[in-house]
Amino acid sequence: MLKMKTKLTIIVKISTYFSDNWSLLYAQKVALKHKLPLHICFYLRRTFMNAPIRHFKFLLKGLEETAKESRKLNIPFHMFISDEGENQIIDFMVENKFGYVVIDFSPLRIARTWAENLKKTLPDDVPLVQVDGHNIVPCWVASDKLEYGARTIRNKLKNKFAEFLTPFPPVTEHPYSGEQKAKEIDWAAAEASLEVDRTIDEVSWAKPGYLNGMKMLHEFCQKRLSKFAQKRNDPLGNALSNLSPWFHFGQISVQRCILVVESFKSKYKESVESFCEEAIIRRELSDNFCYYNPNYDNIKGAYDWARKTLEEHKKDKREWLYTQEELENSLTHDDLWNSTQIQLVKEGKIHGFLRMYWAKKILEWTESPEKALEISIYLNDKYSLDGRDPNGFVGCMWSICGIHDQGWKERPVFGKIRYMNYKGCERKFNVSAFVARYGGK
Ligand code: FAD
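Bear in mind the structure is a predicted one, so any value in this text is a computation, not a measurement.

Things to note about the state of the cysteines
Here's step 1: Tallied over the full model, the rule gives zero disulfides.
Here's step 2: Cys 139 supplies the cysteine sulfur nearest to Cys 290, a cysteine that is in no disulfide, at a spacing of 8.9 Å.
Here's step 3: Just so you know, Cys 396 is unpaired, no disulfide at all, and the nearest cysteine sulfur is the one on Cys 401, 9.4 Å from it.

Some remarks on the packing of aromatic side chains
Two aromatic rings, taken as a pair, are described by how far apart their centres are and by the angle between their planes.
Here's step 1: Under the criterion given, the structure shown has 25 aromatic pairs.
Here's step 2: With 5.9 Å between their ring centres and 40° between their planes, Phe 48 and Trp 114 make a pair best called tilted. With Phe 48 in the loop between β2 (38-44) and α2 (53-72) and Trp 114 in helix α4 (residues 109-121), this pair connects stretches of sequence that are 66 residues apart.
Here's step 3: When its relative accessible area of 23% is taken as the criterion, Phe 48 is described as partly exposed.
Here's step 4: Between Phe 80 and Phe 92, the ring centres sit 5.0 Å apart and the planes meet at 65°, which makes this aromatic pair edge-to-face. Of this pair, Phe 80 sits in strand β3 (residues 77-81) while Phe 92 sits in helix α3 (residues 87-95), placing them twelve residues apart in sequence. Considered together, Phe 80 and Phe 92 belong to a single accessibility category, that of buried residues.
Here's step 5: We note Arg 283 situated over the ring of Phe 247; from NZ or CZ to the ring centre the distance is 5.7 Å.

What about the layout of surface pockets?
It is a probe the size of a water molecule, rolled over the atoms, that shows where empty space is left.
Here's step 1: Reported here for the largest pocket is a volume of approximately 1600 Å³.
Here's step 2: Lining the largest pocket are 50 residues; nearest its centre among them are Arg 232, Glu 278, Arg 282, Gly 352 and Met 356.
Here's step 3: At the level of secondary structure, the elements contributing two or more residues to the lining of the largest pocket comprise α6 (150-158), α11 (244-248), α13 (269-292), α17 (352-365) and α19 (390-401).
Here's step 4: Broken down by class, the residue content of the lining of the largest pocket amounts to 19 nonpolar, 18 polar and 13 charged.

Notes on the site of the ligand
Here's step 1: The ligand sits among 27 residues. The nearest are Ser 241, Asn 242, Ser 244, Asn 380 and Asp 386.
Here's step 2: Here Ser 241 contributes a side-chain N or O atom positioned 2.6 Å from an oxygen atom of the ligand.
Here's step 3: One of the side-chain nitrogen or oxygen atoms of Glu 278 is found 3.2 Å away from a nitrogen atom of the ligand.
Here's step 4: Protein contacts shield 91% of the accessible area of the ligand, which totals 830 Å² for the unbound molecule.
Here's step 5: Sorting the residues of the shell around the ligand by element identifies α11, α13, α17 and α19 as the ones contributing at least two each.
Here's step 6: Examining the composition of the shell around the ligand, we find that six residues originate from one element, α13, more than from any other.
Here's step 7: Residues belonging to the shell around the ligand are distributed by class as follows: nine nonpolar, eleven polar and seven charged.

Things to note about the packing of α17 against α19
Here's step 1: Remark: α17 packs on α19, axes separated minimally by 8 Å, with the N-to-C direction vectors making an angle of 55°. Judged on the interaxial angle alone, α19 and α17 are oblique. Here α17 runs over α19; the crossing is right-handed. The residues of α19 that touch α17, namely those facing Met 356, Ala 359, Lys 360 and Leu 363, are Trp 398, Ser 399 and Ile 400.
Here's step 2: Taken together, the residues of the contact of α17 with α19 sort by class into five nonpolar, one polar and one charged.

A short note on unusual backbone geometry
Here's step 1: Although it is not a glycine, Met 49 sits at a positive phi angle of roughly 45°.
Here's step 2: Examined against the element boundaries, Met 49 turns out to sit in the loop between β2 and α2.
Here's step 3: A positive phi angle, close to 60°, is found at His 404, a residue other than glycine.
Here's step 4: Tracing the backbone through its elements, the reader meets His 404 in the loop between α19 and α20 (422-428).

With respect to α6
In an α-helix, one full turn covers 3.6 residues, which means residues spaced three or four apart are oriented alike.
Here's step 1: Along α6, the residues that are buried comprise Ala 150, Ile 153 and Leu 157. Along α6, the residues classed as buried sweep out an arc of 80° about the axis, all on the same side. α6 presents Arg 151 and Asn 155 as exposed residues on the side facing more than 90 degrees away from its buried surface.
Here's step 2: Tucked into the core, α6 has its buried residues touching α5 (139-142), α7 (161-164) and α13.

Considerations on the pairing of β3
Here's step 1: Burial runs high along β3: four of the five residues are buried.
Here's step 2: Pairing of β2 with β3 involves five bridges; the strand directions are parallel. Across the sheet, residue Ile 40 finds its bridge partner in β3, namely Phe 77.
Here's step 3: In this view, the connection linking β2 to its parallel neighbour β3 by way of α2 has right-handed handedness.

Procedures and definitions
- Residues numbered from 1 in each chain as written.
- Predicted model: local features only at pLDDT ≥ 70, side-chain atom pairs only at ≥ 80, totals over all residues.
- Heavy atoms only, no water.
- Disulfide = S-S within 2.5 Å.
- Phe/Tyr/Trp six-rings, centres within 6.5 Å; stacked < 30°, edge-to-face > 60°.
- Helix = DSSP H or I, 4+ residues; strand = E, 2+ residues; numbered from the N terminus.
- Buried < 20%, exposed > 50% of the residue type's maximum accessible area, 1.4 Å probe, protein only.
- Lys NZ or Arg CZ within 6 Å of the ring centre and 35° of its normal.
- 1 Å grid on protein atoms, 1.4 Å probe; cavity = no way out; pocket = protein on both sides within 12 Å on 5 of 7 lines; lining within 4 Å.
- Points joined across faces, edges and corners; volume = space filled by probe spheres on them.
- Nonpolar A, V, L, I, M, F, W, Y, C, P; charged D, E, K, R; others polar.
- Near = heavy atom within 4 Å.
- Polar contact = N/O pair within 3.5 Å; in protein donor to acceptor, adjacent residues only side chain to side chain.
- Areas by Shrake-Rupley, 256 points an atom, 1.4 Å probe, with all protein chains shown as cover.
- Axes fitted to C-alpha atoms, helices over the stretch in contact; angles between N-to-C directions.
- Parallel < 35°, antiparallel > 145°, perpendicular 65-115°, else oblique.
- Left-handed = near helix turned anticlockwise from the far one by under 90°.
- Contact = heavy atoms within 4.5 Å.
- Arc of directions from axis to C-beta.
- Pairing = 2+ DSSP bridges.
- Right-handed = clockwise from strand over helix to strand, strands pointing away.

Rendered as structure tokens:
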């Protein structure tokens, strides 16, 4: 039984909207049980893994909405902006005698280091609990090992849906207030204090925050879900949900979206199943990969067969060789590839099918698989609004290193890694119309 000698309960590092956040729901349950106030803390770094202003504006506007909502619910929201590392937030918790800490989960290295540091620094009598609100089935419950692919994790996840894929209880107005009030946040000053690339700015199609994410979800259900199964691999088919930026920033929860999408099952069975396959199975498989494979973003993380075949073909002559700069500036001989890169830079997202083509051509046109992986992750993270995500690392690793895939017919440069080509794209969709839309030369 937990003994609460101190005054406050806190939750750190969340940005998901309230009632859809299992970390906050859990923290409130503990706080209510012990009749304690509840606080939210967020630590804003002035730089984060080279993210440009495009990503920070999305994050900050989402947080502003969260801060407003928290005020209504009597849950003070504190934001810390500093170069001093997480110590500032820990000092604040210690000074104010926070008695219980709940943190969100990410399988990525940097977030795991933060969690470890927090564990080491918090006083021994303050419990630290981590809640996986990122996945429907908590990552460590879904599987206790690195899974080989979708077919090995699918049933493990499905068997847990009855327990975890449940409706959210509401977060209620918090009845206990402490002395520590939230300071007014100057959002413009916070944005101005960032030390980031300001040339890559916001995109017009994705407006940040929970309410805008829900708007996108409803638009998807009304206009695009019906064709998701048939048209999701057609870059001109306008069938995708486009929800990945809100998922990435935790501004809407996948579980909420699944519950809404599933209500259309009697109308669009095949599409609903196909969406669940992507948003649950594939997505949670990515978290499994990053959680259990410390080399989730480099060639050492590939299967033995893939490493061997890539090594054997490392010295193969490349018909085309491009530098990172040429790729970034869409200067290849391939108008389709150049158009996808233009889409990435301008819209902050490439269509899911073309993301594979885009990364596989980087493997074909650079000096080594290592370089290809480095460049694809760099470009994806720099421009894509959903970048720096387990799905992004796995997407690049799938395309270049055959993660979660199998060996295919051997060919130059690729070895047994699955190949994609221009002609194959022409068979799938109207390539010239796509090129005309984005203007790749
Ligand atoms: P939808 O097709 O509407 O799917 C709904 C959700 O399902 C997505 O938002 C996503 O959470 C999940 N999903 C869809 N496809 C996949 C997949 N192949 N693997 C895992 N989950 C999936 N996804 C990111 O979220 N961030 C990235 O940075 C990213 N980079 C990628 C890079 C490459 C080279 C490749 C091949 C894939 C990448 N993906 C990434 C995976 C996938 O392409 C995107 O999730 C998808 O395009 C997002 O668009 P959407 O929300 O409209 O997807």
